[in-house]
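Topology and contacts: notes
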Amino acid sequence: MHAVSYEDGGSERLLGPELPLVLRDRAPRVTVVGDPILDSWWRGRTERMSREAPAPVVEVFERRHVPGGAANTAVNLAALGARVGLVGVAGDDEAGRMLRGLLVAAGVDVTGLVLAPEVRTTTKVRIVGGEQILLRLDEGTDGPPTAEVRDRAVQTSTALLRRSDAVVVCDYGSGPSPALLRTLLRERPPLLVVDAHDPAPWAEVSPDLVTPNARETFRLLGRPVPLSARVDAVRDAAAELVSRTGAEQVVVTLDAEGAVLLDRTGVLHRTTARPVLDKQATGAGDTFVAALTLARAGGAELSVALELAQAAADVVVHRSGTSVCTADDLADHLGRTKERVLPAAELALRVQAGRDAGRRVVLTNGCFDVLHRGHTTSLAQAARLGDLLVVAVNSDDSVRRLKGPQRPINTAADRAGVLAALSCVDYVTVFETDTPIPLLELLQPDVYAKGGDYTPEMMAETAVVRAYGGEVRILDFVPAHSTTDVVTRIRSMAPEA
């Protein structure tokens, strides 16, 4: 479950695996502008080497063609539930017509896709033998289509752009065309997301979000990609990144290290990826941008949208080839987080197994009634204190004793589901007592972390933790973010009976 703020109703609801389905029902209008590609995957058996050269012979038994690049972003948006249009240029050739047909079959509006005779469609053919990509063949026009051709696509799509709830720019080297810049400056969409190899040329239109990967980020900064501590390097360069991109906020994707949300002040939120060794997955970045845009256009808070984007990317990275994540896929993925909500006895076994494997265990606790940025910031910070984060949630009766008869707003099961869906959280458990002291005595975590509105001296738990040799850490305080404030704001917006 996740906290989602809906602009049209001014209300805030908690949703779990059903969140992607709700966003699908809302069906925001999203227009993707950028460079479409036709991805092809040829699979076969490799059981012998060629006599002509030291190369494996691939006996092809499957040829699969799918939209790639900006087209992949568009079909992911459609699969997640958006009403999608694509603005771009492909060739008036067999590959271009095939790409157009695939987009139409996926439910994408292609009125803005220009098939130009002077352009050769960009294609990427991957030859796969067994479980290994052996070769990639790239074809297409040398260099991007001319600005005139791209302007033609934009000019045919004015109505599509004008009625969009969000516009996603997928720029893989073409750069902005004059007509697109004029359109975005004249008729700014409610949400503008730029996913570009080089975000700098798009600073003129002041995007709401830019989403560079690590290589793009450090190239923009004029620095080599560090081999380690990349999150620290990104954090230190936050103000410079925002300035150079002209964006309100920057999301840097770090592959196996997840994603980092930045503004001028530093890191606002960080996700944790669930990487795999299989290198055949392609286009997870397109899926990430699609889910991030849809969730944000659908009203989700940015930290929640980022978690959904990470979850969608995790779905496709576990698949082979260029894949899409549907709303049902994402709901199913989030639903499996229930496996991380455990009773104390089973949790103790998991924690001990983690400790035996050399993992540093961190525990934090709270009511977590309505998830907000203060919670997600503190949880991400707690996760960085160790290798395994356990979140203990007060039961409904415990919350009532602590907060009064009107609380909790959401049940313990719902609150635990919210937390289990966060990428930084490993396990969640519900406890019945007013303090987590019995749980601390059972689990004996290496670190007990508590929010910045406490001090160690204020807590009865401190003596217990220190007695078994544990460490008490106070997390940074996030001002102006509390469940009580959120509930008060919601109730103030509710119409009188």
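Residues numbered from 1 in each chain as written. Predicted model: local features only at pLDDT ≥ 70, side-chain atom pairs only at ≥ 80, totals over all residues. Heavy atoms only, no water.

With respect to the pairing of strand β22 (residues 471–474)
Regular strands place their side chains on alternate faces of the sheet. Applicable threshold: Two strands qualify as a pair provided DSSP detects at least 2 bridges between them. Only DSSP runs of H or I covering at least 4 residues are called helices, and only runs of E covering at least 2 are called strands; the numbering of each starts at the N terminus. Call a crossover right-handed when, viewed with both strands pointing away from you, the route from the first strand across the helix to the second goes clockwise.
Pairing of strand β21 (residues 447–450) with β22 involves four bridges; the strand directions are parallel. Within β22, the residue paired with Val447 across the bridge is Glu471. For the crossover from β21 across helix α18 (residues 461–467) to β22, the handedness is right-handed.

Points about the packing of aromatic side chains
Selection criterion: Here the aromatic set is Phe, Tyr and Trp, taking the six-membered ring for Trp, and pairing holds for ring centres within 6.5 Å; pairs whose planes are under 30 degrees apart are stacked, those over 60 apart are edge-to-face, and all others are tilted. Lysine and arginine charges are scored as sitting over a ring when NZ or CZ, respectively, is within 6 Å of the ring centre and within 35 degrees of the ring normal.
Under the criterion given, the structure shown has zero aromatic pairs. When the ring centre of Trp42 is taken as origin, the NZ or CZ atom of Arg63, which lies over that ring, is 4.0 Å away.

A short note on the sheet that holds strand β11 (residues 192–196)
Read across the sheet, nine strands follow the order β7-β6-β3-β10-β11-β12-β13-β14-β15 without closing on themselves; strand pairing throughout is mixed. Strands at the two margins of the open sheet, each flanked by one partner only, are β7 (109–116) and β15 (266–270). Summarising the sheet, strand β3 (residues 29–34) and strand β10 (residues 166–171) pair through five bridges and their orientation is parallel. Directly across from Val33, in β10, lies its bridge partner Val169.

A word on the pattern of salt bridges
As a reminder of what qualifies: The salt bridge definition used is simple: a Lys or Arg side-chain nitrogen within 4 Å of an Asp or Glu carboxyl oxygen.
Overall, the coordinates contain 20 salt bridges when judged by the stated rule. The closest approach of N and O atoms between Arg350 and Glu346, which form a salt bridge, is 3.0 Å. Residue Arg350 and its partner Glu346 are both found in helix α13 (residues 344–356); the two are separated by four residues, about one turn of the helix. Three or more residues joined by partner-sharing salt bridges are found here, namely Arg162, Arg186 and Glu187.

Structural notes on the sheet that holds strand β5 (residues 56–69)
Applied cut-off: Fitting a line to C-alpha atoms yields each axis, with helices limited to the stretch in contact; the angle taken between N-to-C directions then spans 0 to 180 degrees.
The four strands are arranged β5-β4-β8-β9 in an open sheet whose pairing can be described as mixed. Taken across any chain shown, the strands that pair with only one partner, and hence form the sheet edges, are β5 and β9 (132–139). Pairs of neighbouring strands in the sheet enclose a mean axial angle of 20 degrees, with direction left out of account. By the bridge criterion, seven bridges tie strand β4 (residues 36–49) to strand β8 (residues 123–129) in an arrangement that is parallel. Residue Asp39 lies in a different strand from β8, and its bridge partner there is Lys124.

Let's talk about the environment of Val430
Filter applied, for reference: In what follows, residue pairs with any heavy atoms lying within 4.5 Å of each other are defined as contacts.
Of note, Val430 is situated in strand β20 (residues 427–431). Between the C-alpha atom of Val430 and that of Arg415, which follows or precedes it by 15 residues, the distance is 9.5 Å. Residues in contact with Val430, not counting those within four places in the same chain, are Val393, Asn394, Ser395, Ala412 and Ala416.

Digging into a nonpolar patch on the surface
Selection rule: Each patch is built from residues lacking any salt bridge and having more than 30% relative accessible area; the joining distance is 9 Å for like charges and 5 Å for nonpolar side chains (Val, Leu, Ile, Met, Phe, Trp, Tyr). Per-residue and other accessible areas follow the Shrake-Rupley method at a 1.4 Å probe size, with only the shown protein chains counted as cover for residues. Exposure categories follow from relative accessible area, calculated using a 1.4 Å probe and restricted to protein chains: below 20% of the type maximum is buried, above 50% is exposed, and the middle band is partly exposed.
The grouping of Leu134, Leu135 and Leu137 at the surface amounts to a nonpolar patch, some 250 Å² of accessible area in total. Turning to its location among the elements, Leu134 is positioned in strand β9. According to the relative accessible area criterion, Leu134 is partly exposed, its value standing at 36%.

Some words on helix α6 (residues 178–186)
Regarding α6, the residues found buried are Ala179, Leu180, Leu181, Thr183 and Leu184. Each element contacted by the buried residues of α6 is listed here: β3, α4 (147–155), α5 (158–162), β10 and β11.

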